[in-house]
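Commentary on secondary and tertiary structure
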Amino acid sequence: MNLSLYSVNALLILDAEGHRVLAKYYRPKGHPQGESKDLLTLKDQRAFEKGLWQKTKKPGADIILYDGRLAVFRHSLDLIFYIIGGATENEIMLYSALTAFSDAVHLLLRNQVEKRAVLENLDMVILCLDETIDDGIIVETDSTTIASRVSRPKADTTEIVINEQTFMNAYQTVREKVQQRIQQL
């Protein structure tokens, strides 16, 4: 029985043609089963992604077993989000992590989740990924928490008006303080 926290082998985002938009493969050196020797090269990863896309390009199911791995996926306009785990991983946990990541991306991109928007905001999407999965370990499954940690801070709404009057007030204040200091000496 695998009691490891390492449950995610990869997170992928592929477009409608099966091309990679974002891919992050995990297999840390400290994994209880040792470091993986599969899917190390770009060629192997691309072949895996192409085969996976061929099996999942039509919406219908949410979970499949492909190439000895559990693939949980979700369609969104012209993108497909995937989380890949081992064949013995908990499907519900993988699905909840994928849902949290996908919903957080939808919140951050204001429901405009398409290839162009993801590429334009790739920094926020990658931060979102890092807040969801850390080194193959699922750390957060609440989409609003993930989005709040990633979102850009709002600009300060207090507006500072700088005009001639404020400069004169500042000058007068400094002048009075200097005069007080001189009189104290």
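Taking an unreviewed UniProt entry as the reference, the protein is identified by name as Coatomer subunit zeta belonging to Suillus luteus UH-Slu-Lm8-n1. Word for word, the UniProt comment on the protein under Subunit (unreviewed entry) is "Oligomeric complex that consists of at least the alpha, beta, beta', gamma, delta, epsilon and zeta subunits." Regarding the protein, the relevant UniProt record gives this comment under Sequence similarities (unreviewed entry): "Belongs to the adaptor complexes small subunit family."

1. Overview of the packing of aromatic side chains
For any pair of aromatic rings, the description rests on two quantities: the centre-to-centre distance and the angle between the ring planes. Following the criterion strictly, the structure yields 3 aromatic pairs and no others. Plain terms: the ring middles of Phe73 and Tyr82 are 6.0 Å apart, the flat faces sit at 40° to each other, and that makes the pair tilted. Accessibility expressed as a relative area gives 0% for Tyr82, which makes it buried. When the ring centre of Phe48 is taken as origin, the NZ or CZ atom of Arg69, which lies over that ring, is 5.1 Å away.

2. Focus on the packing of helix 2 (residues 91–108) against helix 4 (residues 122–132)
Interaxial distance between helix 2 and helix 4 falls to 10 Å at its minimum, and their mutual angle equals 150°. Compared by their axis directions, helix 2 and helix 4 come out roughly antiparallel. Crossing of helix 2 over helix 4 shows right-handed handedness. When helix 2 is examined against helix 4, the residues Ala97, Phe101, Ala104, Val105 and Leu108 are found in contact with a partner set consisting of Met124, Val125, Cys128, Leu129 and Thr132. Partitioning the contact of helix 2 with helix 4 into residue classes produces 9 nonpolar, 1 polar and no charged.

Analysis parameters
Residues numbered from 1 in each chain as written. Predicted model: local features only at pLDDT ≥ 70, side-chain atom pairs only at ≥ 80, totals over all residues. Heavy atoms only, no water. UniProt positions renumbered as here; feature names shortened; annotations may be inferred. Phe/Tyr/Trp six-rings, centres within 6.5 Å; stacked < 30°, edge-to-face > 60°. Buried < 20%, exposed > 50% of the residue type's maximum accessible area, 1.4 Å probe, protein only. Lys NZ or Arg CZ within 6 Å of the ring centre and 35° of its normal. Axes fitted to C-alpha atoms, helices over the stretch in contact; angles between N-to-C directions. Helix = DSSP H or I, 4+ residues; strand = E, 2+ residues; numbered from the N terminus. Parallel < 35°, antiparallel > 145°, perpendicular 65-115°, else oblique. Left-handed = near helix turned anticlockwise from the far one by under 90°. Contact = heavy atoms within 4.5 Å. Nonpolar A, V, L, I, M, F, W, Y, C, P; charged D, E, K, R; others polar.

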